[in-house]
Amino acid sequence: MKHIFLTGDIQCGKSTLIQSILQHGAGKLVTAGGFLTYFTNRETQKTLYLGDASIYGTLFQTAASPYVSPLALHHALANANLPPPIAAEFDGETRPQIHLETFNSYGRTCIEHGLAHATELSKNPAICPILVFDECGYLESSAADFQQAILCALDMPFPILGVVRQMNTPSWLTSIQNHPNTELITVTQKNRDALTPQLTNHFLSSL
(Lines give C-alpha, C1' and ligand atoms only; values in the text may rest on other atoms or scores of the structure.)
Protein backbone atom coordinates (compact mmCIF):
# COMPACT_ATOMS: atom_id res chain seq x y z
CA MET A 1 0.00 0.00 0.00
CA LYS A 2 1.28 3.45 -0.90
CA HIS A 3 2.00 6.03 1.77
CA ILE A 4 0.04 9.21 1.07
CA PHE A 5 1.72 12.58 1.44
CA LEU A 6 -0.34 15.71 0.89
CA THR A 7 1.11 18.92 -0.49
CA GLY A 8 -0.29 22.24 -1.64
CA ASP A 9 -0.50 25.91 -0.82
CA ILE A 10 -0.26 27.11 2.77
CA GLN A 11 -3.63 26.88 4.57
CA CYS A 12 -5.29 24.95 1.75
CA GLY A 13 -6.59 22.45 4.31
CA LYS A 14 -4.03 19.65 4.37
CA SER A 15 -4.11 19.10 8.13
CA THR A 16 -7.88 19.49 8.13
CA LEU A 17 -8.06 16.79 5.46
CA ILE A 18 -5.99 14.45 7.61
CA GLN A 19 -8.41 14.91 10.50
CA SER A 20 -11.35 14.40 8.15
CA ILE A 21 -9.90 11.11 6.88
CA LEU A 22 -9.31 9.85 10.41
CA GLN A 23 -12.89 10.79 11.35
CA HIS A 24 -14.29 9.16 8.21
CA GLY A 25 -12.50 5.91 8.98
CA ALA A 26 -13.16 6.00 12.72
CA GLY A 27 -13.38 2.57 14.30
CA LYS A 28 -11.34 0.93 11.53
CA LEU A 29 -8.61 3.46 10.73
CA VAL A 30 -6.64 3.91 13.96
CA THR A 31 -3.75 6.31 14.47
CA ALA A 32 -0.88 4.32 15.97
CA GLY A 33 1.38 7.34 16.32
CA GLY A 34 3.71 9.62 14.45
CA PHE A 35 3.86 13.37 14.90
CA LEU A 36 1.79 16.48 14.35
CA THR A 37 2.67 20.17 14.38
CA TYR A 38 0.58 23.18 15.24
CA PHE A 39 1.00 26.86 16.03
CA THR A 40 -0.04 28.77 19.10
CA ASN A 41 0.66 32.38 20.04
CA ARG A 42 2.70 32.92 23.17
CA GLU A 43 2.93 36.61 24.08
CA THR A 44 4.43 38.31 20.99
CA GLN A 45 5.91 35.15 19.49
CA LYS A 46 4.37 32.59 17.18
CA THR A 47 5.29 29.18 18.54
CA LEU A 48 5.34 25.85 16.71
CA TYR A 49 4.82 22.74 18.81
CA LEU A 50 5.58 19.13 17.94
CA GLY A 51 3.03 16.68 19.29
CA ASP A 52 2.58 12.93 19.47
CA ALA A 53 0.02 11.98 16.81
CA SER A 54 -1.13 9.01 18.87
CA ILE A 55 -3.51 11.51 20.49
CA TYR A 56 -5.63 11.23 17.35
CA GLY A 57 -6.25 7.59 18.24
CA THR A 58 -8.18 8.86 21.25
CA LEU A 59 -9.78 11.95 19.75
CA PHE A 60 -11.16 10.20 16.67
CA GLN A 61 -12.58 7.03 18.17
CA THR A 62 -16.01 7.98 16.86
CA ALA A 63 -16.99 9.51 13.52
CA ALA A 64 -18.90 12.24 15.36
CA SER A 65 -15.71 13.83 16.70
CA PRO A 66 -15.46 17.50 15.70
CA TYR A 67 -12.48 19.19 14.07
CA VAL A 68 -9.76 19.54 16.68
CA SER A 69 -8.34 23.07 16.85
CA PRO A 70 -4.69 23.77 17.76
CA LEU A 71 -5.75 24.93 21.21
CA ALA A 72 -7.82 21.79 21.74
CA LEU A 73 -4.89 19.67 20.58
CA HIS A 74 -2.59 21.47 23.00
CA HIS A 75 -4.92 20.76 25.93
CA ALA A 76 -5.59 17.17 24.85
CA LEU A 77 -1.87 16.36 24.66
CA ALA A 78 -1.23 17.91 28.07
CA ASN A 79 -4.16 16.03 29.62
CA ALA A 80 -2.92 12.76 28.13
CA ASN A 81 0.49 13.27 29.78
CA LEU A 82 2.03 13.94 26.36
CA PRO A 83 3.23 17.53 26.84
CA PRO A 84 4.34 18.82 23.43
CA PRO A 85 7.78 20.46 23.24
CA ILE A 86 8.49 23.63 21.29
CA ALA A 87 9.85 22.94 17.82
CA ALA A 88 10.41 26.50 16.62
CA GLU A 89 9.73 30.11 17.58
CA PHE A 90 9.03 33.00 15.24
CA ASP A 91 9.19 36.69 16.10
CA GLY A 92 8.45 37.97 12.61
CA GLU A 93 11.73 39.86 12.34
CA THR A 94 14.52 37.30 12.40
CA ARG A 95 14.95 33.75 11.22
CA PRO A 96 13.00 31.24 13.31
CA GLN A 97 14.70 29.76 16.33
CA ILE A 98 14.64 26.04 15.58
CA HIS A 99 14.86 23.52 18.42
CA LEU A 100 16.67 20.70 16.63
CA GLU A 101 16.68 18.48 19.72
CA THR A 102 12.88 18.50 19.66
CA PHE A 103 12.93 16.96 16.20
CA ASN A 104 15.92 14.67 16.68
CA SER A 105 14.88 13.30 20.08
CA TYR A 106 11.16 13.79 20.69
CA GLY A 107 10.12 13.57 17.05
CA ARG A 108 12.20 10.46 16.40
CA THR A 109 10.78 8.83 19.53
CA CYS A 110 7.20 9.57 18.40
CA ILE A 111 7.90 7.80 15.12
CA GLU A 112 9.59 4.80 16.74
CA HIS A 113 6.84 4.39 19.35
CA GLY A 114 4.24 4.72 16.59
CA LEU A 115 5.83 1.89 14.62
CA ALA A 116 5.91 -0.33 17.73
CA HIS A 117 2.26 0.48 18.47
CA ALA A 118 1.30 -0.22 14.84
CA THR A 119 2.91 -3.65 15.13
CA GLU A 120 0.67 -4.46 18.09
CA LEU A 121 -2.47 -3.00 16.50
CA SER A 122 -1.87 -4.96 13.29
CA LYS A 123 -2.62 -8.16 15.18
CA ASN A 124 -6.30 -7.12 15.05
CA PRO A 125 -7.52 -7.87 11.50
CA ALA A 126 -10.52 -5.55 11.93
CA ILE A 127 -8.48 -2.34 12.08
CA CYS A 128 -5.88 -0.58 9.97
CA PRO A 129 -3.12 1.10 12.01
CA ILE A 130 -1.81 4.28 10.41
CA LEU A 131 1.00 6.72 11.14
CA VAL A 132 0.54 10.49 10.80
CA PHE A 133 3.49 12.70 9.74
CA ASP A 134 2.14 16.27 9.70
CA GLU A 135 4.19 18.08 8.54
CA CYS A 136 7.59 17.52 6.98
CA GLY A 137 9.18 20.85 6.08
CA TYR A 138 12.23 23.07 5.87
CA LEU A 139 12.65 23.50 9.63
CA GLU A 140 14.03 19.96 9.87
CA SER A 141 16.69 20.46 7.18
CA SER A 142 19.47 19.96 9.77
CA ALA A 143 17.66 17.37 11.93
CA ALA A 144 19.48 14.30 10.62
CA ASP A 145 18.13 11.82 13.19
CA PHE A 146 14.56 12.93 12.59
CA GLN A 147 14.98 12.66 8.84
CA GLN A 148 16.45 9.17 9.15
CA ALA A 149 13.53 8.02 11.30
CA ILE A 150 11.07 9.24 8.66
CA LEU A 151 12.92 7.59 5.79
CA CYS A 152 13.17 4.31 7.70
CA ALA A 153 9.42 4.41 8.39
CA LEU A 154 8.77 4.68 4.65
CA ASP A 155 10.26 1.21 4.25
CA MET A 156 7.97 -0.30 6.88
CA PRO A 157 4.65 -2.02 6.00
CA PHE A 158 2.43 0.37 7.96
CA PRO A 159 0.68 3.09 5.95
CA ILE A 160 1.60 6.73 6.51
CA LEU A 161 -0.61 9.77 5.99
CA GLY A 162 1.50 12.89 5.99
CA VAL A 163 2.13 16.38 4.68
CA VAL A 164 5.14 17.58 2.69
CA ARG A 165 5.69 21.31 2.45
CA GLN A 166 6.01 22.70 -1.05
CA MET A 167 9.57 23.84 -1.73
CA ASN A 168 10.95 25.71 -4.73
CA THR A 169 14.44 24.25 -4.37
CA PRO A 170 15.75 20.70 -3.81
CA SER A 171 15.78 19.65 -0.17
CA TRP A 172 15.67 16.60 2.07
CA LEU A 173 11.96 16.39 1.29
CA THR A 174 12.85 15.12 -2.17
CA SER A 175 13.74 11.78 -0.58
CA ILE A 176 10.16 11.47 0.68
CA GLN A 177 8.58 12.60 -2.57
CA ASN A 178 10.68 10.23 -4.71
CA HIS A 179 10.41 7.20 -2.43
CA PRO A 180 8.87 4.24 -4.33
CA ASN A 181 6.29 3.72 -1.57
CA THR A 182 5.10 7.34 -1.65
CA GLU A 183 2.18 8.86 -3.55
CA LEU A 184 2.14 12.65 -3.54
CA ILE A 185 -1.26 14.36 -3.77
CA THR A 186 -1.79 18.09 -4.25
CA VAL A 187 -4.66 19.42 -2.13
CA THR A 188 -6.83 22.34 -3.26
CA GLN A 189 -10.02 23.83 -1.91
CA LYS A 190 -11.83 22.28 -4.86
CA ASN A 191 -10.68 18.68 -4.40
CA ARG A 192 -10.29 18.58 -0.61
CA ASP A 193 -13.77 17.27 0.21
CA ALA A 194 -13.67 14.60 -2.49
CA LEU A 195 -10.32 13.35 -1.23
CA THR A 196 -11.74 12.40 2.17
CA PRO A 197 -13.69 9.28 1.11
CA GLN A 198 -11.18 8.49 -1.64
CA LEU A 199 -8.17 8.35 0.68
CA THR A 200 -10.09 6.73 3.52
CA ASN A 201 -11.00 3.88 1.17
CA HIS A 202 -7.39 3.69 0.03
CA PHE A 203 -6.20 2.96 3.56
CA LEU A 204 -9.07 0.65 4.44
CA SER A 205 -8.64 -1.40 1.27
CA SER A 206 -6.15 -3.64 3.10
CA LEU A 207 -8.85 -4.94 5.48
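Not measured: the values here are computed from a predicted model. (Residues numbered from 1 in each chain as written. Predicted model: local features only at pLDDT ≥ 70, side-chain atom pairs only at ≥ 80, totals over all residues. Heavy atoms only, no water.)

Re helix α7 (residues 192–204)
Test applied: Per the convention used, a helix needs a DSSP run of H or I reaching at least four residues, while a strand needs a run of E reaching at least two, with both numbered from the N terminus. A helix is expected to reach a length of 1.5 Å times the quantity of its residues less one. Throughout this description, buried means an accessible area under 20% of the type-specific maximum (1.4 Å probe, protein chains only), exposed means over 50%, and partly exposed covers the range between. The reported arc concerns the directions from the helix axis to the C-beta atoms and nothing else.
Taking 1.5 Å per residue, 13 residues should reach 18 Å; α7 reaches 19 Å between its end C-alpha atoms and fits that length. Within α7 the residues assigned to the buried category are Leu-195, Thr-196, Leu-199, Thr-200, Phe-203 and Leu-204. Looking straight down α7, one finds that the buried residues subtend no more than 150° of arc, so they occupy a single side.

Describing the nonpolar core
Rules: For our purposes a nonpolar core is just a set of buried Ala, Val, Leu, Ile, Met, Phe, Trp, Tyr and Cys residues, chained together by side-chain atoms within 4.5 Å. What makes two residues a contact is simply this: any of their non-hydrogen atoms within 4.5 Å.
Core analysis: the biggest nonpolar cluster contains 31 residues, and Leu-6, Leu-22, Leu-29, Leu-36, Tyr-56 and Leu-199 have the highest contact counts within it. Broken down by secondary-structure element, the contributors of at least two residues to this core are β1 (3–7), α1 (14–24), β2 (29–42), α2 (55–59), α3 (70–79), β6 (128–136), β7 (160–164) and α7. If sequence neighbours within four positions are ignored, Leu-36 has contacts with Tyr-49, Leu-50, Gly-51, Asp-52, Ala-53, Ile-55, Tyr-56, Leu-73, Leu-77 and Asp-134. Leu-115, Leu-121, Leu-131 and Ala-143 belong to the second largest nonpolar core, which has 30 residues in total.

Looking at unusual backbone geometry
The amide bond that connects Asp-134 to the next residue, Glu-135, takes the cis arrangement and shows omega of 5°. For Gln-11, which is not glycine, the phi torsion reads 65° and is therefore positive. In this structure, Asn-81 takes a positive phi of about 60° despite not being glycine. Residue placement: Asn-81 occurs in the loop between α3 and β4 (86–90). Here Asn-81 falls in the exposed class, since its relative accessible area comes to 65%.

Structural notes on the pairing of β7
Put simply, the rule reads: We call two strands paired when DSSP finds no fewer than two bridges between them. Crossover handedness is defined here as right-handed if the route from the first strand over the helix to the second strand goes clockwise, with the strands pointing away from the viewer.
With five of its five residues buried, β7 lies for the most part within the structure. Neither face of β7 is exposed, since Ile-160, Gly-162 and Val-164 on one face and Leu-161 and Val-163 on the opposite face are all buried. Here β1 pairs with β7 via three bridges, running parallel. Bridging from a neighbouring strand, Leu-6 pairs with Val-163 of β7. In the classification by handedness, the crossover that spans β6, the intervening helix α5 (residues 144–154) and the parallel β7 is right-handed.

Everything listed is a geometric property; what it means functionally is a separate question.
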